[in-house]
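Secondary and tertiary structure notes
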Amino acid sequence: MKKILHILSLVAITASLSACISVSEQNVEASKQIAVMAAQATATCGQGNVDKVSTSSFTCKQNTGR
């Protein structure tokens, strides 16, 4: 019985570690996408004129003429 519990514990630990790795890979991919969008935003809006950047879009700051 102890051996079965030990094996189940190892399986649970392995499964939780693999979930952490896949989340990390998703974060890396999202970071790459944001970096690409940030470069596009800076090229379009001009440096210092970018308001928001996400993985799929960006917005430029509104110039109020002040």
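It should be noted that the structure appears before, not after, this text.
Residues numbered from 1 in each chain as written. Predicted model: local features only at pLDDT ≥ 70, side-chain atom pairs only at ≥ 80, totals over all residues. Heavy atoms only, no water.

1. Some remarks on the overall build of the protein chain
When you go through the protein chain residue by residue, the secondary structure sums to one helix and two strands. Secondary structure elements in the protein chain, listed N-terminal to C-terminal, are α-β-β. The 66 residues of the protein chain split such that 5% are buried. At a minimum sequence separation of 6, the contacts of the protein chain that also span at least 24 residues come to 3%. Counting every atom, the protein chain has about 5,500 Å² of accessible surface; 61% of that belongs to carbon and sulfur. (Helix = DSSP H or I, 4+ residues; strand = E, 2+ residues; numbered from the N terminus. Buried < 20%, exposed > 50% of the residue type's maximum accessible area, 1.4 Å probe, protein only. Contact = heavy atoms within 4.5 Å. Areas by Shrake-Rupley, 256 points an atom, 1.4 Å probe, with all protein chains shown as cover.)

2. Digging into a nonpolar patch on the surface
A surface patch of nonpolar side chains, about 470 Å² in accessible area, is lined by Met-1, Ile-4, Leu-5 and Leu-8. By the element assignment, Leu-5 lies in helix 1 (residues 2–45). (Patch = residues over 30% accessible without salt bridge, like charges linked within 9 Å, V, L, I, M, F, W, Y side chains within 5 Å. Salt bridge = Lys/Arg side-chain N within 4 Å of Asp/Glu carboxyl O.)

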